[in-house]
Amino acid sequence: MKLAFSTLGVPGLPLADVLRLATAHGYHGIELRAHPEEPVHPGLSPAERADAAAAFKAAGVEVLGLAGYVRVAAPGDDEPVLTELRALLDLARDLGAPAVRVLPGGDPGQSPEEADATAARRLGTAAPYAADLGVRILLETHDSHRTAADAMRVLGLVGHRQVGALWDVMHTWLGGEQPAESFAALSPHLGYVQVKDIASADDTTPLALGTGVLPLADCVEVLSRHGWDGWLCWEYEKRWHPDAAPLPDLLTPGREHLARLLNESA
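Q: Explain the pairing of strand 2 (residues 29–33) here, please?
A: Within a regular strand, the side chains alternate between the two sheet faces. In terms of residue burial, strand 2 counts as a mostly covered element, since 5 of its 5 residues are buried. The two faces of strand 2 match: Gly29, Glu31 and Arg33 on one face and Ile30 and Leu32 on the other face are all buried. By the bridge criterion, 3 bridges tie strand 1 (residues 2–6) to strand 2 in an arrangement that is parallel. Opposite Ala4, over in strand 2, you have Gly29 as the bridge partner. For the crossover from strand 1 across helix 1 (residues 15–25) to strand 2, the handedness is right-handed. Remark: the strand 2/helix 2 (residues 46–59)/strand 3 (residues 62–71) crossover connection has right-handed handedness.

Shown next as structure tokens:
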């Protein structure tokens, strides 16, 4: 498995500095938070996109995905959601990123059936466009569709290889799933895995990997046992928890912790 971290952990940091952190601390990939607050987002000009892609190539670091904020199950008209998703897919193509992250974003006022159908309709509509660009759309286990079982209700309706899953291990755990259950459901569709650690179900402030309650060893073990060889991406939610410890100081210990888990599960 390959190791990456998300720029959610270093909010607003210039791309050159992000790439220096990756190379200095032994990470081979970056998940880019594609938000207007960040250096890389869908509003970039063609020249800015080319510069960003060149910077990744020069550093020898991969973009494993763009973490966008499209909410595919949200109530309302389809077209604004699809327009936002196409812009994210275009950016991924220009940066050489193989995937984009979307969120479910269902509303409490919707029935689960309505939220599932809305998300599936939009993902199915966008899938051929994504296929033409060579980019996958990954539905994250999150918010209204926290568990793998929730996500699979949507992916089962879509049935297109260009639409897959992003496993956020915190949300499936909070939803009551065991890692083996989550992997069994998601494995045919799995794009990559977001790892993190927290103090408890009631306190999701990000912690150094291995110092909290999330079953990271179990997650890595089940992935290893099934021969999965994709990305483990550390999503440290510093943007939402400004008082959390700075991520740069934790990057090397975090990589070493994941490497130990991988060795122990081999």
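Q: Which parts of the structure should I look at to understand the sheet that holds strand 4 (residues 99–103)?
A: Think of a sheet as strands paired side by side through backbone hydrogen bonds, with each pair either parallel or antiparallel. If you walk around this closed barrel you meet the 8 strands as 1-2-3-4-5-6-7-10, and the pairing is parallel. Here the strands of the sheet are splayed against their neighbours by 30° on average, with no regard to which way each runs. Alignment of strand 2 against strand 3, held across 5 bridges, turns out to be parallel. Across the sheet, Gly29 pairs through a bridge with Glu62, a residue of strand 3. Across the sheet, helix 4 (residues 112–133) lies against strand 3, strand 4, strand 5 (136–140) and strand 6 (163–168), angled at about 150° from strand 5, the strand it touches most. Docked against the sheet, helix 7 (residues 179–186) engages strand 6 and strand 7 (190–195), running at close to 170° with respect to strand 6.

Analysis parameters
Residues numbered from 1 in each chain as written. Predicted model: local features only at pLDDT ≥ 70, side-chain atom pairs only at ≥ 80, totals over all residues. Heavy atoms only, no water. Buried < 20%, exposed > 50% of the residue type's maximum accessible area, 1.4 Å probe, protein only. Helix = DSSP H or I, 4+ residues; strand = E, 2+ residues; numbered from the N terminus. Pairing = 2+ DSSP bridges. Right-handed = clockwise from strand over helix to strand, strands pointing away. Axes fitted to C-alpha atoms, helices over the stretch in contact; angles between N-to-C directions. Contact = heavy atoms within 4.5 Å.

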